[in-house]
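Chain and residue survey
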Amino acid sequence: MHGYGVARPDFRSKPVLVFWETTRACPLACRHCRASAIRDPMPGELSTAEGMRLIDSVAAFGTPAPLIVFTGGDPMVRKDLFVLMDHARSAGIRFAASPAVSQGLDRHALERLRDAGVTSISVSLDGACSDTHDRIRNVEGTFDATLRVIRESVSIGLSIQVNTTVMRSNIDELARIFHLIKSMGVRTWEVFFLIRVGRGAELEDIAPSDSESVCNFLYDASMCGMTVRTVEAPFIRRVAMMRASAGRYWHGIAYERLSAELMSLGHTPDGKSSIAPVGTLDGDGIIFVAYDGTVHPGGFLPVVLGNVRDASLVGMYRGSAPLTKIRDREFVGRCNDCEYKAVCGGSRARAYASSSNALGSDPACVHEPGARASGASTTIEG
């Protein structure tokens, strides 16, 4: 399928990423946690042997196998994590990890992760100062600890990605977060757009107009020498295409403020954008395996496809009717009518959270199908 002359990869036969929620145990209690993580492991976690079989099932997708992301909760809580990583490496599977920043994530732990063969780790930074970040993470001192982990990872040659969840309480700090992590040598910034699931259901996410402002700011940031990606905001690909063809079309107050601050911090968006023109959606290039083996299209989309304890991961991914409809872009409403649906597709998780229909329209997107980029403009209060 194509959209505006851009070829979309075919992910029907296998995903590029398999997220494995190895545990829901975590020492943190973040306000927006997808998993509503708790201190102790939940009953029913996949055992070591079951985890190895899961890894083998990822290898069964064929060469090259999808990359496994060991996530959680905090995957470092699992005592067999490095045994599982060794099994993945022996199977020829690349893997990454998403540890929580806790007291256990010291230099020795980072060196173990590097030596185990992780392609990268990701840590979360949700504020440009300790007041914001520690309030969101609900543990005092987490901001300073996160900066320490970033510095130590860079110093030992461990590739590190910084994740930021954008919400009303930190939207004004995005330019400063970018400046901070870039100055520390981080090369990849992944910005999550809130989905109201888990503890995140208790929070109010940003308005659709602010989502458009943030995507336009991220497009600017992506031209400043860093790889920028988003989670649950595939409409950034539409924004990138509109910006490439129409220039600076969006004039929301939040965007103007963030753009001006980016420039004031010494970052001039004059390079090539790192925003990928095409990408994945839940169930279309990615798949998520929960702590108990339940399979979902993505971590924020609680549609149940089966369980790896009694069904083939390959079979579920390739043969699921809901996933086939997502890949074929059989949507309803604005997302179905949109001229960008082949390259964007909207957040399936947000559509489900708002309408209980994974094929519904993404309410965070402001684009009206058929509207010209030059006609898009808004004024945002505050």
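For the structure itself, consult the block above.
Described in the following lines is the structure provided in the data block. (Residues numbered from 1 in each chain as written. Predicted model: local features only at pLDDT ≥ 70, side-chain atom pairs only at ≥ 80, totals over all residues. Heavy atoms only, no water.)

When you go through the protein residue by residue, the secondary structure sums to 13 helices and 13 strands. Expressed as a percentage of its 382 residues, the buried residues of the protein come to 56%. Restricting the contact set of the protein to residue pairs at least 6 apart, pairs at least 24 apart contribute 74%. (Helix = DSSP H or I, 4+ residues; strand = E, 2+ residues; numbered from the N terminus. Buried < 20%, exposed > 50% of the residue type's maximum accessible area, 1.4 Å probe, protein only. Contact = heavy atoms within 4.5 Å.)

This next bit is on the pairing of strand E8 (residues 188–193). When you tally the buried positions in E8, you get six out of six residues, the bulk of the element. By the bridge criterion, six bridges tie strand E7 (residues 160–166) to E8 in an arrangement that is parallel. Paired with Val 166 across the bridge in E8 is Phe 193. A crossover connection joins E7 to the parallel E8 through helix H6 (residues 174–183); in handedness this β-α-β unit is right-handed. (Pairing = 2+ DSSP bridges. Right-handed = clockwise from strand over helix to strand, strands pointing away.)

This part covers the pattern of salt bridges. Pairing of side chains with opposite charge becomes possible as their charged atoms draw close. Inspection of every chain in the model, using the stated rule, returns 17 salt bridges. When the shortest N-O distance is used, the salt bridge between Arg 114 and Asp 115 registers 3.0 Å. Overall, the relative accessible area of 31% leaves Arg 114 in the partly exposed class. Overall, the relative accessible area of 48% leaves Asp 115 in the partly exposed class. Between Glu 261 and Arg 176 there is a salt bridge, with the nearest N and O atoms lying 3.0 Å from each other. (Salt bridge = Lys/Arg side-chain N within 4 Å of Asp/Glu carboxyl O.)

Met 85, Trp 189 and Phe 217 are the most contacted members of the largest nonpolar core, which totals 104 residues. Each residue touching Trp 189, except ones within four places of it in the same chain, is listed here: Val 162, Thr 164, Leu 174, Ile 177, Phe 178, Ile 181, Phe 217, Leu 218, Met 226, Thr 227, Val 228 and Arg 229. (Core = buried A, V, L, I, M, F, W, Y, C linked by side-chain atoms within 4.5 Å.)

Looking now at the environment of Leu 46. Structurally, Leu 46 is set in the loop between strand E3 (17–21) and helix H1 (48–59). Owing to a relative accessible area of 2%, Leu 46 belongs among the buried residues under this scheme. Between the alpha carbons of Leu 46 and Arg 309 there is a distance of 8.6 Å; along the sequence they are 263 residues apart. Leave out the neighbours within four places in its chain, and Leu 46 touches Trp 20, Gly 51, Leu 54, Arg 78, Tyr 291, Asp 292, Gly 293, Val 308 and Arg 309.

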